[in-house]
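Observations on the model geometry
Each chain, letter by letter, is given below.
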Amino acid sequence: GSDAMDYLGRRKNDQMTSLVVAFTDIMARAWQTELAEGDDLLFEHDTYALDDNASELNGSDKGGNGESSRTKFEVKVTRIEKNAVVVVVRNVSERYRRFEAEKRFVFETTARQKDAEANRFTRHEVKNGLLSAIEICGNIREEMSDNFSVLQKDLG
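One structure accompanies this document, and this report is about it. (Residues numbered from 1 in each chain as written. Predicted model: local features only at pLDDT ≥ 70, side-chain atom pairs only at ≥ 80, totals over all residues. Heavy atoms only, no water.)

Quick look at the environment of E44 now. Positionally, E44 belongs in strand β1 (residues 40-50). Spatially, the C-alpha atom of E44 lies 9.2 Å from that of V92, the residues being 48 residues apart in sequence. Residues contacting E44, with those up to four places away along its chain left out, are R29, K72, F73 and Y96. (Helix = DSSP H or I, 4+ residues; strand = E, 2+ residues; numbered from the N terminus. Contact = heavy atoms within 4.5 Å.)

Shown next as structure tokens:
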């Protein structure tokens, strides 16, 4: 009972801590950036949040199954006055995961297409080689039968 609640409380606390640290880093960078009034700055920031079953922060990007998962933020900073900035933070993790999945799909599809082309080429070359060998065998057989007919006439 109590041990389980303590464990879950620590996990949630660890997740919250990683997000607080990320936002602190983002705000520090946003505030320290030298921007003229009205100028914008766009940057990305990664943080790793622990899943509920995680035992340590290992920096993997898989999520689930007791591992940490990467959260990617896009940050836009606009200085509106000397001592005032507007910071817009967007979670773009899903967009990056989708992009990575699309890249894997294109890579795997291209590899399959290249394999299929190589197989077609190989089948074509093997077929051409076999047809050539069959034709050569036919020519040899024809030549041998002609020579055998001449040899029989000479003997007869």
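Let us look at the pattern of salt bridges. Scanning all chains against the criterion turns up seven salt bridges. Across the pair D46 and K72 runs a salt bridge, and its minimum N-O distance is 2.7 Å. Placement of the pair is D46 in strand β1 and K72 in strand β2 (residues 68-81), with a sequence separation of 26 residues. In this structure K72 comes out as buried when scored by relative accessible area, which is 9%. What emerges from the salt-bridge pattern is a single network uniting E44, D46, R70 and K72. (Salt bridge = Lys/Arg side-chain N within 4 Å of Asp/Glu carboxyl O. Buried < 20%, exposed > 50% of the residue type's maximum accessible area, 1.4 Å probe, protein only.)

Following the sequence through the fold, T33 ends up in the loop between α1 (2-32) and β1. Taking relative accessible area as the criterion, T33 reaches 17% and is therefore assigned buried. Beyond its immediate chain neighbours, meaning those up to four positions away, T33 contacts L41 and R79.

Here we take up the packing of aromatic side chains. Using the criterion set out here, one finds one aromatic pair in the structure. Their ring planes at 45° and their centres at 5.3 Å tell us that F23 and F73 sit as a pair that is tilted. Pair noted here: F23 is in helix α1 and F73 is in strand β2, with a separation of 50 residues, a long-range link. Exposure remark for F73: the relative accessible area of 5% places this residue in the buried category. Directly above the aromatic system of F43 lies the positively charged group of R29, at a separation of 3.9 Å from the ring centroid. One Lys or Arg, K72, reaches over the ring of Y96 and ends 4.9 Å from the middle of that ring. (Phe/Tyr/Trp six-rings, centres within 6.5 Å; stacked < 30°, edge-to-face > 60°. Lys NZ or Arg CZ within 6 Å of the ring centre and 35° of its normal.)

It is worth stressing that arrangement in space is one thing and function is another; only the former is reported here.
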